[in-house]
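Listed below are the residues making up each chain.
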Amino acid sequence: MEFYLDTANIDEIKEAVSWGVINGVTTNPTLVAREEGRSFHEIIKEICNLVQGPVSAEVISMDLDGILKEARELAALDPHVVVKIPITPQGLAAVRILSGEGVHVNVTLVFSALQALLAARAGAAYVSPFIGRIDDTGQEGIDVLCDIMDVVNNYQFTTRVIAASIRHPRHVLESARLGTDIATVPFKVLKQMFRHPLTDRGIERFLADWEKVMK
Ligand code: G3P
């Protein structure tokens with residue numbers, strides 16, 4: 001499983017990249033809006049430079065011409081840019097055209113296996129089911145992810161599945177058990193994944209014992 005960081009915050013990305021476990025980054029308009037005072041394109045270019053892996057940047061147009069224009073501008077920023085497009089009929093029409101031009105697209109706001117199948121059919125390089133937001137509706141996000149893994153794997157699609165809207169480490173574990181290609185995790189969840197009380201206690205004990213050796 002690959003890990004992407006789900007943030008547009010440069011400090012978080014720098015720190016997570018330094019830990020050696022991050023393969024890419026995903027952003028969305030909400031995450032970018034939190035980084036006040038900087039232009040969207042500037043942020044994306046800096047993230048690409050730091051990560052040197054796939055960086056998802058989302059379009060906000062809803063009509064085909066607008067989506068294509070924004071997508072081409074974003075793709076021209078850096079070879080690592082993956083254009084993120086919400087799943088709509090116009091969005092998938094754009095995916096078909098852009099994938100034909102060699103632009104990698106991450107189809108986002110996916111909440112069902114049928115939506116994932118359509119995205120794969122249109123030529124999406126990635127599809128992003130939002131696990132946490134499905135949980136928020138009272139349905140099991142992981143069950144939907146399980147359906148998506150089943151149906152995508154039944155065929156020869158090259159589309160990679162990104163477990164998104166991850167809220168806690170258990171989402172990551174369950175996604176990994178399903179063989180999901182990628183989990184995109186908020187910085188807070190990434191830090192939680194490192195932690196175990198027995199690791200902390202073990203380090204404390206080793207250090208205390210080593211003090212005795214040094215005396
Ligand atoms: O990757 C999608 C993510 O940014 C959405 O997360 O927590 O707003 O549902 P959330």
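The structure we're discussing is the one just above.
Residues numbered from 1 in each chain as written. Predicted model: local features only at pLDDT ≥ 70, side-chain atom pairs only at ≥ 80, totals over all residues. Heavy atoms only, no water.

## Overview of the overall build of the protein
Right, on to step 1. Along the protein, the regular secondary structure elements total 11 helices and eight strands.
Right, on to step 2. With respect to the principal axes defined by its C-alpha atoms, the protein has extents near 75 × 40 × 30 Å.
Right, on to step 3. Expressed as a percentage of the 215 residues in the protein, the buried residues total 45%.
Right, on to step 4. Of the charged side chains in the protein, 21 are positive and 28 negative, and the gap between their average positions amounts to 5 Å. (Helix = DSSP H or I, 4+ residues; strand = E, 2+ residues; numbered from the N terminus. Buried < 20%, exposed > 50% of the residue type's maximum accessible area, 1.4 Å probe, protein only. Lys, Arg positive; Asp, Glu negative; His and termini not counted. Charge placed at Lys NZ, Arg CZ, Asp CG, Glu CD.)

## So, helix 8 (residues 141–153)
Right, on to step 1. With 13 residues, helix 8 should reach 18 Å at 1.5 Å per residue; the first-to-last C-alpha distance of 18 Å fits that figure.
Right, on to step 2. For helix 8, the elements touching its buried residues are strand 5 (105–110), helix 6 (113–122), strand 6 (126–129), helix 7 (131–136), strand 7 (160–163) and helix 9 (169–177). (Expected span 1.5 Å × (residues − 1). Contact = heavy atoms within 4.5 Å.)

## What to know about the site of the ligand
Right, on to step 1. Neighbouring the ligand are Asp 6, Asn 28, Leu 31, Phe 130, Arg 133, Ala 164, Ser 165, Arg 167 and Thr 184.
Right, on to step 2. The side chain of Arg 133 places a nitrogen or oxygen atom 2.7 Å from an oxygen atom of the ligand.
Right, on to step 3. Within the complex, the protein chains bury 80% of what would otherwise be the 310 Å² of accessible surface of the ligand.
Right, on to step 4. Of the pockets mapped on this structure, the ligand occupies the largest pocket. (Near = heavy atom within 4 Å. Polar contact = N/O pair within 3.5 Å; in protein donor to acceptor, adjacent residues only side chain to side chain. Areas by Shrake-Rupley, 256 points an atom, 1.4 Å probe, with all protein chains shown as cover. 1 Å grid on protein atoms, 1.4 Å probe; cavity = no way out; pocket = protein on both sides within 12 Å on 5 of 7 lines; lining within 4 Å. Sits in = over half its atoms within 2 Å of the grid points.)

## A closer look at the layout of surface pockets
Right, on to step 1. Roughly 420 Å³ of volume is contained in the largest pocket.
Right, on to step 2. As for the largest pocket, its lining consists of 24 residues, of which Asp 6, Asn 28, Leu 31, Arg 34 and Pro 186 are closest to the centre.
Right, on to step 3. Looking at the lining of the largest pocket, the elements that each hand over two or more residues are helix 2 (29–33) and helix 10 (187–194).
Right, on to step 4. Of the residues belonging to the lining of the largest pocket, the class tally is seven nonpolar, nine polar and eight charged. (Points joined across faces, edges and corners; volume = space filled by probe spheres on them. Nonpolar A, V, L, I, M, F, W, Y, C, P; charged D, E, K, R; others polar.)

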